[in-house]
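Listed here are the chains, written in short residue letters.
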Amino acid sequence: MTIVNSETHPLEKIFADKYKVDFYQRDYVWGSKHIDDLIRDLSTEFLKNWKPSDSFDDILRYDPYFMGEIVLSIKDGINYIIDGQQRITTLTLLLIYIINKYKHIDDFPIDEIKPLIYKQKGGKKTFNLQIEERKECMEGLYVNGVYDVETDNASVNNIIERYSDFEASWDDNINDGNINMFVYWIMYRVMFSKVWTDSDDFAYVIFETMNDRGLSLTQVEMLRSYLLANISQEKRVEAMNTFDEVTRRLTNIKLSSKSKAEFEFFKMYFRGHYAETLSQSPGSHSDFVRIGKEFHRWVRDNETMLGLKTSDDFVDFMQRIDYYSKAYDKIHTLIQKRNATEYLYLIVNDDYNFTLQPALLLSAIAYKDDEETIEKKIKLLSRYLTKILTWRVWNHWLISQSSLEAPIYELCKQIRSKSIEEIIEILDSEPIELPELEASPRLNQQNKRKIRVLLSLITAIVGDGSKEPQYVLNNDEPQEVEHIWSNHPEEHPGYRSEDEFQTARNNIGDLLVLPKSFNASYGDDPYCDKVKQYFSQNILAQSLSNLKYSNNPGFAKYVNDSGLPFKPYDEFDGTAITERAELYKQILSYNWNPTA
């Protein structure tokens, strides 16, 4: 029978025992604000009761200060901390700080404080909170009040910083005149509720429902603890190292959005590879919604569906997470490298700021796909996604996450872990609604960034077809949407109003993407002057000039093979705008024509 017990004890009794940290526990992560809050709370509560004439007996009648629950799993007579490590570490540091600051005071109770920090036997000192990698640091702080050894250990570095925070946060009303009484109050009136069990499984249940003071555990940390709790002891250390490496890998990925990669990865992975119900309606309890809110609990509640029965199942699940986190990292690394020659569509989708692209790509990757297969799937799906986004931009349809999340995850479900051949068959069926390329998009303040990407894509398509690869948004110099017509209505008579003129001028057929400096130098010039300068720019701008149609075999072959209506313009009027808009539309259609 599982034993569970709960008792309330003062710090003096809690700290008299020895503790080890169980695998559930994260690093020591308290920050400066937590130290400041703790010192303020303790000082305020003590001073509210204290009078200079009070004795030790009076202290025992002061109001208590409750520090919350300490949850323990007691195994083979050893206290393993399930919840409370942050507070025990911090209060141990506080006692060390008080000793170093006030040990010169007459009758200072140093001999009563020491046993709450460490035990000494046979000349050997062991701290009551036994964490091997922190031992030297705690020893240095206790003996010298400083520890300046360089280390990569995050907990040790944070302990050093928090110890220095005590001085900055200290209340001057706690001083030589009342420090002894303050120490006794901490020892006997700072209270903890000690909750302990002899069952590892039940310890996790308790752990999941408890939070450290002021600093809740994250879903990633809760998932880590749950998985490790179900892995046999002989395999647990290796599994723990694997998961921690996953966390470090994900933490190093910087997303363009404000989201954190370590959370986005798990949501995308579980939704893309496992979610069966994808309803996003308010109040829904679908897999999709639950994974978004609490993916760690969703995993726990779906053990059967996930095939999690034995320790080996959990180890395999952990290895899958490791594998897919590497794939997720690879996707973001390729985006950051911006090799548009190999991964044009991957880069374009990111430039559209479409944040769901990694979810779609990740879902298609089968466990243990080799690098070549992964890269083929990335290219195949990113190209399809570019078509979806570009067709929608052309037709002024939204491409926000909220507008496409449902169809993207439905597609994720269709392609999850499929072969390349199976994915091609699915994509050929046009699984996401695709508008026709109708009319011509017009530039406005809301779509300026998307039109810039669209025009850069068209330029790159023509460049690739002509064996002159160029994705202008990779240039070091900032690129802008440039009007071919200057902003002078008088140069283009026939429009009844300024609005009519601007409507024509903002038609995509009148637009190019060019360096910002070009616009500054030539933007106001008439077309007859600008067209001479276009020949020194990207291939789409060059195609306006007669010069591009002679002695350019790559471009000539592309025009001939594609049958696209390219032509130079000595003059550029309203008809030319209409013709160029049609050209851009046909370039897109030709590029995605399976027979091209």
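Residues numbered from 1 in each chain as written. Predicted model: local features only at pLDDT ≥ 70, side-chain atom pairs only at ≥ 80, totals over all residues. Heavy atoms only, no water.

Enquirer: Requested: an account of the overall build of the protein chain, with residues and values cited.
Expert: Scanning the protein chain from terminus to terminus reveals 27 helices and 10 strands. The C-alpha atoms of the protein chain give 33 Å as radius of gyration, which overshoots the globular expectation for 596 residues (25 Å, by more than 25%). Principal axes of the C-alpha set define a box for the protein chain whose edges measure 100 × 55 × 45 Å. Relative to its full complement of 596 residues, the protein chain shows a buried share of 53%. Put simply, of all contacts in the protein chain between residues at least 6 apart along the chain, 73% involve residues at least 24 apart. Carbon and sulfur atoms make up 47% of the accessible area of the protein chain, which amounts to about 27500 Å² in all. In the protein chain, the 70 positive side-chain charges and the 94 negative ones have mean positions that sit 2 Å from each other. (Helix = DSSP H or I, 4+ residues; strand = E, 2+ residues; numbered from the N terminus. Rg over C-alpha atoms; globule rule 2.2 N^0.38 Å. Buried < 20%, exposed > 50% of the residue type's maximum accessible area, 1.4 Å probe, protein only. Contact = heavy atoms within 4.5 Å. Areas by Shrake-Rupley, 256 points an atom, 1.4 Å probe, with all protein chains shown as cover. Lys, Arg positive; Asp, Glu negative; His and termini not counted. Charge placed at Lys NZ, Arg CZ, Asp CG, Glu CD.)

Enquirer: Tell me what's going on with the side chain of Arg 189, and back it up with residues and numbers.
Expert: Secondary-structure assignment places Arg 189 in helix 8 (residues 179-189). From its side chain, Arg 189 meets the backbone oxygen of Tyr 62 in a polar contact 2.9 Å long. Once residues within four sequence positions are removed from consideration, Arg 189 is found in contact with Ile 59, Leu 60, Tyr 62, Asp 63, Pro 64, Tyr 65 and Tyr 184. (Polar contact = N/O pair within 3.5 Å; in protein donor to acceptor, adjacent residues only side chain to side chain.)

Enquirer: How would you explain helix 19 (residues 401-415) if you had to name every residue and give the values?
Expert: In this model, helix 19 (15 residues) spans 19 Å end to end at C-alpha, consistent with the 21 Å of a helix rising 1.5 Å per residue. At Pro 407, helix 19 shows its maximal kink, close to 25°. Residues of helix 19 that are buried include every one of Leu 404, Glu 405, Ile 408, Tyr 409, Leu 411, Cys 412 and Ile 415, and no others. Turning to helix 19, the residues buried within the fold contact helix 12 (261-273), helix 13 (287-301), helix 17 (357-364), helix 18 (371-394) and helix 20 (420-428). Looking one or two residues beyond helix 19, the residue adopting positive phi is Ser 417, at roughly 60°. (Expected span 1.5 Å × (residues − 1). Bend = angle between axes of the 7 residues up to and from the residue.)

Enquirer: Explain the environment of Asp 312 to me, using residue names and the numbers behind them.
Expert: Secondary-structure assignment places Asp 312 in helix 15 (residues 311-337). With 82 residues separating them along the chain, Asp 312 and Asn 230 place their C-alpha atoms 9.2 Å apart. In terms of polar contacts, Asp 312 uses its side chain to reach the side chain of Lys 235, at 2.6 Å.

Enquirer: Outline the nonpolar core, listing residues and values.
Expert: A general feature of soluble globular proteins is that nonpolar side chains tend to end up buried together. With 126 residues, the main nonpolar core has Phe 266, Phe 270, Tyr 534, Tyr 584, Ile 587 and Leu 588 as its most contacted residues. Not counting residues within four places of it along the chain, the set of residues in contact with Tyr 584 comprises Trp 394, Leu 455, Ile 458, Ile 508, Gly 509, Leu 511, Leu 512 and Leu 540. (Core = buried A, V, L, I, M, F, W, Y, C linked by side-chain atoms within 4.5 Å.)

Enquirer: Give a detailed account of helix 15, specifying residues and quantitative values.
Expert: For helix 15, which comprises 27 residues, the first-to-last C-alpha distance of 39 Å matches the rise-based estimate of 39 Å (1.5 Å per residue) to within 8%. Of the residues flanking the end of helix 15, it is Arg 338, one or two places downstream, whose phi is positive at about 55°.

Enquirer: Any details on the packing of aromatic side chains? Residues and values, ideally.
Expert: Under the definition given, this model contains 47 aromatic pairs. When the ring of Tyr 269 is compared with that of Phe 270, the centres are 5.4 Å apart and the planes differ by 40°; the resulting orientation is tilted. In this structure Phe 270 comes out as buried when scored by relative accessible area, which is 0%. Here the aromatic rings of Phe 288 and Tyr 409 are separated by 5.2 Å at their centres, their planes lie at 75°, and the arrangement is edge-to-face. (Phe/Tyr/Trp six-rings, centres within 6.5 Å; stacked < 30°, edge-to-face > 60°.)

Enquirer: Outline the pattern of salt bridges, supporting the account with residue identities and numerical values.
Expert: Scanning all chains against the criterion turns up 37 salt bridges. Across the pair Glu 45 and Lys 48 runs a salt bridge whose closest N-O atoms are separated by 3.1 Å. Note that Glu 45 and Lys 48 are positioned in helix 2 (residues 32-49) at a spacing of 3 residues, about one turn of the helix. We classify Glu 45 as buried; its relative accessible area is 19%. Taking the relative accessible area as the measure of exposure, Lys 48 reaches 53% and is therefore exposed. Between Arg 290 and Glu 294 there is a salt bridge, and its shortest N-O distance comes to 3.5 Å. Of the two residues, Arg 290 and Glu 294 both sit in helix 13, 4 residues apart, roughly one turn of that helix. Given the relative accessible area of 24%, Glu 294 is considered partly exposed. Here the salt bridges do not stand alone but share partners, grouping Arg 290, Glu 294, Arg 297, Arg 300 and Asp 301 into one network. (Salt bridge = Lys/Arg side-chain N within 4 Å of Asp/Glu carboxyl O.)

Enquirer: Mind laying out the sheet that holds strand 3 (residues 65-75), listing which residues take part and the relevant values?
Expert: Ordered in space as 1-8-3-4-2-7, the 6 strands form an open sheet in which the pairing is mixed. Only two strands of the sheet have a single neighbouring strand rather than two, namely strand 1 (4-10) and strand 7 (129-130). Examined bridge by bridge, strand 2 (residues 19-21) and strand 7 share 2 bridges and lie parallel to one another. Bridge pairing links Tyr 19 to Leu 129 in strand 7. Here helix 4 (residues 85-102) sits on the sheet in contact with strand 2, strand 3, strand 4 (78-83), strand 7 and strand 8 (190-197), set at roughly 115° to strand 3. (Pairing = 2+ DSSP bridges. Axes fitted to C-alpha atoms, helices over the stretch in contact; angles between N-to-C directions.)

Enquirer: How would you summarise the environment of Pro 478 if you had to cite specific residues and measurements?
Expert: Within the secondary structure, Pro 478 sits in the loop between helix 21 (448-465) and strand 9 (479-483). Beyond its immediate sequence surroundings of up to four residues, Pro 478 is in contact with Leu 514, Pro 515 and Lys 516.

Enquirer: Give me the packing of helix 2 against helix 4: which residues, what numbers.
Expert: As a packed pair, helix 2 and helix 4 sit with axes 12 Å apart at the nearest point and diverge in direction by 65°. As far as their axial angle goes, helix 4 and helix 2 are roughly perpendicular. Where helix 2 crosses over helix 4, the two elements pack in a sense that is right-handed. Judged by residue contacts, Ile 35, Leu 38, Ile 39 and Leu 42 of helix 2 engage Thr 90, Leu 91 and Leu 94 from helix 4. Grouping the amino acids of the contact of helix 2 with helix 4 by side-chain chemistry returns 6 nonpolar, 1 polar and no charged. (Parallel < 35°, antiparallel > 145°, perpendicular 65-115°, else oblique. Left-handed = near helix turned anticlockwise from the far one by under 90°. Nonpolar A, V, L, I, M, F, W, Y, C, P; charged D, E, K, R; others polar.)

Enquirer: Break down the confidence of the model for the protein chain for me, citing the residues and quoting the values.
Expert: Across the protein chain, the average pLDDT comes to 90, with 95% of residues at or above 70. Note on residues 211-215: pLDDT under 50 across the span, and 22 contacts to partners over four residues away in sequence or across chains. (pLDDT = per-residue confidence, 0-100.)

Enquirer: I'd like a rundown of the pairing of strand 4, residues and numbers included.
Expert: For strand 4, the tally of buried residues reaches 5 of 6 residues, placing the bulk of the element in the interior. Alignment of strand 2 against strand 4, held across 3 bridges, turns out to be parallel. Directly across from Tyr 19, in strand 4, lies its bridge partner Asn 79. For strand 3 and strand 4, the ladder comprises 5 bridges, and the chain directions are antiparallel. The residue of strand 4 that forms the bridge with Val 71 is Asp 83. Taking the residues between adjacent antiparallel strands as the criterion, strand 3 and strand 4 are bridged by 2 residues, where Asp 76 takes a positive phi near 55°.

Enquirer: If you had to explain the environment of Phe 46 to someone new, which residues and values would you point to?
Expert: With respect to the helices and strands, Phe 46 occurs in helix 2. A C-alpha to C-alpha distance of 9.9 Å links Phe 46 and Val 183, two positions 137 residues apart in sequence. Residues within four places of Phe 46 in sequence aside, it is in contact with Ile 59, Tyr 62, Ile 174, Asn 178, Met 181, Phe 182 and Trp 185.

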